Amino acid sequence: MKTDIKHLAAYAATAIWADGEYDEAEKIVLSEIADTFDLNDADLIAETEVALAEIEKMDEEAVNRYLIENGAEVDDEEAAQVYMAAMQIVTIDGVLGVEEVDNLLSIATALGLDDSYAMMLLLDLVKEE
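Here we summarise the structure given alongside this text.

Moving on to unusual backbone geometry. With phi around 55°, Asp-38 is a residue other than glycine that occupies positive phi space. On the secondary structure map, Asp-38 appears in the loop between helix H2 (24-36) and helix H3 (41-55). Its relative accessible area of 72% is what places Asp-38 among the exposed residues.

The next thing to look at is the pattern of salt bridges. Under the defined criterion, the tally for this structure stands at 3 salt bridges. Lys-2 is the partner of Glu-77 in a salt bridge, and the nearest nitrogen-oxygen pair spans 3.2 Å. Of the two residues, Glu-77 sits in the loop between helix H4 (60-71) and helix H5 (79-91) while Lys-2 sits in the segment before helix H1 (5-17), which places them 75 residues apart along the sequence. Just as Glu-77 is exposed, Lys-2 falls in that class too.

Its 13 residues place the ends of H1 18 Å apart at the C-alpha level, agreeing with the 18 Å of an ideal helix rising 1.5 Å per residue. Burial analysis of H1 places 11 of its 13 residues in the buried class, the great majority of the element. What H1 keeps buried is the set Ile-5, His-7, Leu-8, Ala-9, Ala-10, Tyr-11, Ala-12, Ala-13, Thr-14, Ala-15 and Ile-16. Buried residues belonging to H1 abut H2, H3, H4, H5 and helix H6 (98-110).

Turning to the packing of H6 against helix H7 (residues 115-128), a few remarks are in order. Running from N to C, H6 and H7 point in directions that differ by 130°, and their axes come no closer than 9 Å. Between H6 and H7, the interaxial angle falls into the category oblique. Where H6 crosses over H7, the handedness of that crossing is right-handed. Here Val-101, Leu-104, Leu-105, Ala-108 and Thr-109 of H6 come into contact with H7, specifically with Asp-115, Ala-118, Met-119 and Leu-122. When its residues are assigned to classes, the contact of H6 with H7 shows 7 nonpolar, 1 polar and 1 charged.

To continue, consider the side chain of Thr-3. The topology assignment puts Thr-3 in the segment before H1. For Thr-3, a relative accessible area of 4% translates into the label buried. A polar side-chain atom of Thr-3 sits 2.9 Å from the main-chain amide nitrogen of Asp-75. Of note is the side chain of Thr-3, whose polar atom sits 2.5 Å from the side chain of Glu-78. With residues up to four places along the chain from it excluded, the contact list for Thr-3 reads Leu-8, Glu-73, Val-74, Asp-75 and Glu-78.

In this model H2 runs 19 Å from its N-terminal to its C-terminal C-alpha over 13 residues, within 8% of the 18 Å that 1.5 Å per residue would give. Among the residues making up H2, those that are buried are Glu-26, Val-29, Leu-30, Ser-31, Ile-33 and Ala-34. Elements that come into contact with the buried residues of H2 comprise H1, H3 and H5. One side-chain oxygen of the residue at the start of H2 lies 3.2 Å from the amide nitrogen of Ala-25, identifying that residue as Asp-23.

Analysis parameters
Residues numbered from 1 in each chain as written. Predicted model: local features only at pLDDT ≥ 70, side-chain atom pairs only at ≥ 80, totals over all residues. Heavy atoms only, no water. Helix = DSSP H or I, 4+ residues; strand = E, 2+ residues; numbered from the N terminus. Buried < 20%, exposed > 50% of the residue type's maximum accessible area, 1.4 Å probe, protein only. Salt bridge = Lys/Arg side-chain N within 4 Å of Asp/Glu carboxyl O. Expected span 1.5 Å × (residues − 1). Contact = heavy atoms within 4.5 Å. Axes fitted to C-alpha atoms, helices over the stretch in contact; angles between N-to-C directions. Parallel < 35°, antiparallel > 145°, perpendicular 65-115°, else oblique. Left-handed = near helix turned anticlockwise from the far one by under 90°. Nonpolar A, V, L, I, M, F, W, Y, C, P; charged D, E, K, R; others polar. Polar contact = N/O pair within 3.5 Å; in protein donor to acceptor, adjacent residues only side chain to side chain.

Laid out in structure tokens, this is it:
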């Protein structure tokens, strides 16, 4: 993985923040994401928890700035994978709320992904689930 684990964790934390619940299912998904990116799962979980603690102190505008700052550090070739990882986190509970979709679109924008492409990826994931 070319992207630093801290930037991946920032997006994972933002995905978790979308519904305000961080539970065991999301930790399992983080472990699967770590495997996908060939990272140590304990390291990704720890970095995500640090990022989540930061985000919980922010308002929505600050979170958007945080996404943009971290998006600038994500390797362009990995941007879609980072977005798909965020989608997995958001959809693990089987519920996809409006706020979560808005959050995912903000993530996609910060990663430089086209909204229509991001929606297509999300619809494909929802169809599979």
